[in-house]
Amino acid sequence: GPLEDARDRGNALLYLGSCNGMTALRSTEAMIVRPGTEAAALAAIIHVLLREKWIHEAFLAEYADGVEELRRKVSESTPAHAARICGIEESQIERFARILGCKTPVQVQAAGYAALPFADDAALSLCGALVALRGCIGVPGGGLNLGYVSPFRTDASLFEGKPAESQRLDELLA
């Protein structure tokens, strides 16, 4: 498919999720985390990108607000902290962030079908933040693809008159 074609042309195909499926197996680097801990891993990756200054300062200055607030929110989301939450090695988070920090363009395809139960606001927001930090919005091959994600919840809670559950980033990282 198109992802493998991109990988075969020398692009890095990175996978972050809890499913060890075909995409993970065919990726350049796969980070298999405990289900529901994707946001913690993303926060740690963003922590490293900010720490190492692997961000697009000019893009952020012109187009983004809230970078310092994001920096504060992920300040304690160290790779060591996230590794414990996610059940992975700290070095894997550092390596994943290094690849993202050194490659452009970056395109994030958020929440494939198998990940829909874990596609909460925190994880999706961090996906968008990652792409913005790298300055890869509006550039060929870059961006955020929300594929299977919809703002319209179709889980049972909707039909029962209950609000859909969503985890706040600060609650997840506590």
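Residues numbered from 1 in each chain as written. Predicted model: local features only at pLDDT ≥ 70, side-chain atom pairs only at ≥ 80, totals over all residues. Heavy atoms only, no water.

## A short note on the environment of E90
Logical step 1: Among the secondary structure elements, E90 is positioned in helix α7 (residues 90–102).
Logical step 2: Judged by its relative accessible area of 38%, E90 is partly exposed.
Logical step 3: As for E90 and T78, which are separated by 12 residues in sequence, their C-alpha atoms are 8.8 Å apart.
Logical step 4: When residues no more than four places from it in sequence are discounted, the contact partners of E90 are P79, A80 and A83. (Helix = DSSP H or I, 4+ residues; strand = E, 2+ residues; numbered from the N terminus. Buried < 20%, exposed > 50% of the residue type's maximum accessible area, 1.4 Å probe, protein only. Contact = heavy atoms within 4.5 Å.)

## Considering helix α6 (residues 79–86)
Logical step 1: Turning to α6, its buried residues number three or more, namely P79, A82, A83 and C86. Buried residues of α6, viewed axially, fall in a sector of 105 degrees; they line one side.
Logical step 2: Considering only its buried residues, α6 is in contact with α3 (38–51) and α7.
Logical step 3: G87 lies just past α6 and shows a positive phi near 75 degrees. (Arc of directions from axis to C-beta.)

## Structural notes on the packing of aromatic side chains
Logical step 1: Evaluated as defined, the whole model comprises one aromatic pair.
Logical step 2: Between the aromatic rings of F59 and Y63, the centroid separation amounts to 5.0 Å while the plane-to-plane angle is 45 degrees, which identifies the pairing as tilted. Residue F59 and its partner Y63 are both found in helix α4 (residues 57–63); the two are separated by four residues, about one turn of the helix.
Logical step 3: With relative accessibility at 12%, the residue F59 sits in the buried group.
Logical step 4: By relative accessible area, Y63 is classed as exposed at 58%. (Phe/Tyr/Trp six-rings, centres within 6.5 Å; stacked < 30°, edge-to-face > 60°.)

## What about the environment of S18?
Logical step 1: Of note, S18 is situated in the loop between β1 (14–17) and α2 (22–26).
Logical step 2: Take S18: its relative accessible area is 26%, and that puts it in the partly exposed class.
Logical step 3: Placed 17 residues apart in sequence, S18 and P35 show a C-alpha to C-alpha distance of 5.0 Å.

## What to know about the confidence of the model for the protein chain
Logical step 1: Averaged over all residues, the pLDDT of the protein chain equals 82, while 79% of them reach at least 70.
Logical step 2: Across the protein chain, the secondary-structure element scoring lowest on mean pLDDT is helix α9 (residues 156–159), at 42, and the one scoring highest is α6, at 97.
Logical step 3: In the model, residues 156–168 has pLDDT below 50 throughout and makes 14 contacts with residues more than four positions away in sequence or in other chains. (pLDDT = per-residue confidence, 0-100.)

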